[in-house]
Each structure stands twice: as structure tokens, then as C-alpha cells.
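A closer look at the structure
Chain residues, written in single-letter form:
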Amino acid sequence: MQPSSTLTSASPPATRSSAHSRSNGTSRDRDLGFRAALAEAGVSIKERNVISTGVSHDHGHAAAVQLLSAEQPPTAIYTVTDLLAFGLLDGGRALGVKVPEDVWVIGFDNTDLASWEAFDLTSVNQPIHAIVEQGIDLLRRRIGDPAAEATIINLPCPLVVRGSTANTVIG
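Quick look at the structure, then. Because the structure is a prediction, the values reported are computed rather than measured.

1. Here's the deal with the packing of helix H2 (residues 57–68) against helix H3 (residues 82–94)
Between two packed helices, what matters for the description is the angle formed by their axes and the separation of those axes. Look at H2 against H3: their axes get within 6 Å of each other, and the N-to-C directions meet at 45°. Taken together, the axes of H2 and H3 are oblique relative to one another. Crossing of H2 against H3: the hand is right-handed. Of the residues in H3, those in contact with His57, His59, Gly60, His61, Ala63, Ala64 and Leu68 of H2 are Leu83, Leu84, Phe86, Gly87, Leu88, Asp90, Gly91, Gly92 and Ala94. Of the residues in the contact of H2 with H3, the class split is eight nonpolar, seven polar and one charged.

Structure follows, in C-alpha cells:
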């Protein structure tokens, strides 16, 4: 089974999109976190603005064609992976859509490619080293005490603002 993602968009003047994999817990959690943050800010996403897609560059490109060719295209699109966002950016370019003038695009992972001039992608940064360190520490604790209760650790994932958004500070 191929992973699928969801792109969510709202109506202008502020249109939003979100991509998440329905078969992948991490992607689903990212999407739920995105939606929770929007709700906290008083912004809702209508389910009619949600499309399902895979998580590859090609899927992002195809999603861009579908979303950005709409009568009322989105003004902002969030994806749960940078790779999907890269495809979205390339698909938008093929349509003549200007980023960030016509649409904002935000990815998740803050991969090295996100900082390349060709993409200049605003992205949510995962603290990979901290995740690994915490995971190893939790594993060692579990090995030392197999009966210990499970521990949930939340680490900050800051937004790295680049050129795919208008560099507007929110909040």
C-alpha cells in the first residue's frame, strides 16, 4: 500500500493546505498539530478543501496542478514533508504561479534542500539530534527497568522562515 497524504486548502483571501499521510502516524500527527495550531489561531479548514495524495515529489507536483488551477486557488499550502513541498513548488512554477506572491508553501523536516535557492522553503525544523539523544536515553532506561512506565517527550519544532512565505512574523 502506498502512503497517502492530504492537502488542505481554504477559501481566499487566506487559503491553507495541509498534507498528511493517512497510513503514517507521524504524518497524521503533523497534520493534526497543524490543524490544532490553526484552530488555536481561530482559523478553520473545511474538509472540502482537503485532497489526498502520495508523499513523493511527483505527488506534490500533481497536487499543485490540482490546487493551483482551481477557480479560487489556495494562498497558502502546508505539507507534512519537504519532499512533497518541493514537488508543489515545481508544479506551481510550471503553472506560472509565483511563490510567495501568489501562494505560500510550508514544508516539514527542514531538510538541507529546503535552504537551497531553488526551493528557499519555509519549513518546520525537526530537532533530529535531540530526538536521537532522547530515544537512546529512553531505550537505556527501559533496558535498565523494563517495568518502567512509558514516557512521552515533546521537543520544540521551530518554524524556519524562508522565501516561500512572505517572511511575516505571526503572533
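Read on, since the account is not over.
2. Overview of the sheet that holds strand E4 (residues 104–109)
Pairing is mixed in the open sheet, where four strands are placed in the order E3-E4-E5-E6. Single-partner strands in this sheet number two, and they are strand E3 (76–78) and strand E6 (159–160). Both E4 and strand E5 (residues 122–125) contribute to a ladder of four bridges, which runs parallel. Bridge pairing in E5 places glycine 107 opposite serine 123. Taken strand by strand, H3 contacts E3, E4 and E5, and its axis lies near 155° from that of E4.

3. So, a nonpolar patch on the surface
There is a patch of nonpolar side chains on the surface, built from Ile128, Ile131, Val132 and Ile136 and spanning about 320 Å² of accessible area. Structurally, isoleucine 128 can be placed in helix H4 (residues 128–144).

4. Digging into the packing of aromatic side chains
What the rule picks out here adds up to two aromatic pairs. Taking 4.2 Å as the distance between ring centres and 10° as the angle between the ring planes, the aromatic pair formed by phenylalanine 34 and tyrosine 78 counts as stacked. Taken as a pair, phenylalanine 34 in helix H1 (residues 25–40) and tyrosine 78 in strand E3 lie far apart in primary sequence, 44 residues in all. Taking the relative accessible area as the measure of exposure, phenylalanine 34 reaches 16% and is therefore buried.

5. A look at unusual backbone geometry
Here the bond from valine 99 into proline 100 is cis, since omega is 10°, no more than 30 degrees from zero. Inspection of the secondary structure assignment puts proline 100 in the loop between H3 and E4. The backbone of aspartate 109 sits at a positive phi, close to 135°, despite the residue not being glycine. Counting through the fold element by element, aspartate 109 comes out in strand E4. Phi angles above zero are rare outside glycine, and asparagine 110 is one such case at about 50°. With a relative accessible area of 18%, asparagine 110 lands in the buried category.

Conventions used here
- Residues numbered from 1 in each chain as written.
- Predicted model: local features only at pLDDT ≥ 70, side-chain atom pairs only at ≥ 80, totals over all residues.
- Heavy atoms only, no water.
- Axes fitted to C-alpha atoms, helices over the stretch in contact; angles between N-to-C directions.
- Helix = DSSP H or I, 4+ residues; strand = E, 2+ residues; numbered from the N terminus.
- Parallel < 35°, antiparallel > 145°, perpendicular 65-115°, else oblique.
- Left-handed = near helix turned anticlockwise from the far one by under 90°.
- Contact = heavy atoms within 4.5 Å.
- Nonpolar A, V, L, I, M, F, W, Y, C, P; charged D, E, K, R; others polar.
- Pairing = 2+ DSSP bridges.
- Patch = residues over 30% accessible without salt bridge, like charges linked within 9 Å, V, L, I, M, F, W, Y side chains within 5 Å.
- Areas by Shrake-Rupley, 256 points an atom, 1.4 Å probe, with all protein chains shown as cover.
- Salt bridge = Lys/Arg side-chain N within 4 Å of Asp/Glu carboxyl O.
- Phe/Tyr/Trp six-rings, centres within 6.5 Å; stacked < 30°, edge-to-face > 60°.
- Buried < 20%, exposed > 50% of the residue type's maximum accessible area, 1.4 Å probe, protein only.

Function cannot be read off these values alone, since they describe shape.
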